[in-house]
Amino acid sequence: QVHAVESGGGSVQAGGSLRLSCAASGTIFSINTMGWYRQAPGKQRELVANITSGGSTNYADSVKDRFTISRDSAKNTCDLQINSLKPEDTAVYYCNIRARTGGIWYRDYWGQGTQVTVSS
């Protein structure tokens, strides 16, 4: 089993910054991608950004140039630096880990979510 624990959410004013962190623990054989999703009230969960084991990154168009994802594979941690926050960034942010705990298959594991609230 893999556990993902997020930290770093909070309430900020528009234009502010936050840094979200995710730490994976458990019986982990390898991690493929690590990433962040968000879900705003009444909306579907959407990908914000992810990063592969090789360091390739992928961002939602709405966050490009404002959000930066990074990863420390040795520590199984993943951070999301979010700058120039907008009210529309308000959501619960979830860490996603695609990991293999044994065998050949990867599966997705999720954190409990951390709230980000941006006021105008």
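For every chain, the first residue of its written sequence is number 1, and the numbers climb from 1 along that sequence. Local features are withheld for residues below a pLDDT of 70 in this predicted model, meaning they are given only at 70 or higher, and side-chain atom pairs are given and counted only at 80 or more; totals for whole chains, interfaces and linings count all residues. Just so you know, side-chain values use all the structure's heavy atoms and leave hydrogens and water out.

1. Describing the state of the cysteines
In this description, a disulfide is simply a cysteine sulfur pair whose atoms lie within 2.5 Å. In the structure shown here, the tally under the stated rule is one disulfide. In this model C78 remains outside any disulfide bridge; the closest cysteine sulfur is found in C95, 5.9 Å from its own.

2. Here we look at the nonpolar core
Throughout, nonpolar core names a set of buried Ala, Val, Leu, Ile, Met, Phe, Trp, Tyr and Cys residues whose side chains join them through atoms within 4.5 Å. Three labels apply to residues, based on accessible area from a 1.4 Å probe with only protein chains included: buried if under 20% of the type maximum, exposed if over 50%, partly exposed otherwise in between. Membership of the largest hydrophobic core comes to 31 residues, with the highest contact counts inside it found for W36, L80, Y93 and I97. Broken down by secondary-structure element, the contributors of at least two residues to this core are β1 (2–7), β3 (18–26), β4 (30–39), β5 (46–51), β7 (67–72), β8 (77–82), β9 (91–100) and β11 (114–119). Secondary structure counts use DSSP, requiring at least four H or I residues in a row for a helix and at least two E residues in a row for a strand, with both numbered from the N terminus. Here this core takes five residues from β9, the largest share from any one element. Excluding its chain neighbours within four sequence positions, the residues that come into contact with I97 are V2, A4, C22, A24, I31, T33, M34, R107, D108 and Y109. Pairs of residues are marked as contacts when any of their non-hydrogen atoms sit within 4.5 Å.

3. Focus: the side chain of R38
Assignment of secondary structure puts R38 in strand β4. When its relative accessible area of 7% is taken as the criterion, R38 is described as buried. For the purposes of these results, a polar contact is taken to be a pair of N or O atoms within 3.5 Å, where, inside protein, one atom must be able to donate a hydrogen and its partner to accept one; residues adjacent in sequence count only when each atom of the pair is a side-chain atom. A polar side-chain atom of R38 sits 2.9 Å from a polar atom in the side chain of D89. Ignoring sequence-local partners within four residues, the contact set of R38 consists of Q44, R45, E46, V48, S62, V63, F67, E88, D89, A91, V92 and Y93.

4. A look at the packing of aromatic side chains
Ring pairs shown here join Phe, Tyr and Trp side chains whose ring centres sit within 6.5 Å, with only the six-membered ring taken for Trp; geometry is labelled stacked below 30 degrees between planes, edge-to-face above 60, and tilted in between. Evaluated as defined, the whole model comprises one aromatic pair. Charge over a ring is defined by NZ of Lys or CZ of Arg lying within 6 Å of the ring centre and within 35 degrees of the ring normal. Directly above the ring of Y109 sits R107, whose terminal nitrogen or CZ lies 4.3 Å from the centroid.

5. Section: the pattern of salt bridges
The salt bridge definition used is simple: a Lys or Arg side-chain nitrogen within 4 Å of an Asp or Glu carboxyl oxygen. According to the stated counting rule, one finds six salt bridges in the structure shown. One salt bridge connects D61 with K64, and the closest N-O pair in it is separated by 3.2 Å. Two residues, D108 and R98, come together in a salt bridge whose shortest N-O distance is 2.8 Å. Of this pair, D108 sits in strand β10 (residues 107–110) while R98 is found in strand β9, placing the two residues 10 residues apart along the sequence. Residue D108 is classed as partly exposed on the basis of its relative accessible area, which comes to 27%.

6. Notes on unusual backbone geometry
Even without a glycine there, the phi angle at D65 is positive, about 75 degrees. Mapped onto the fold, D65 is located in the loop between β6 (57–59) and β7. Relative accessible area serves as the criterion here: at 82%, D65 is assigned to the exposed category. The phi dihedral of S84 is positive, around 50 degrees, even though this residue is not glycine. By the secondary structure assignment, S84 is in the loop between β8 and β9. For S84, a relative accessible area of 41% gives the class partly exposed.

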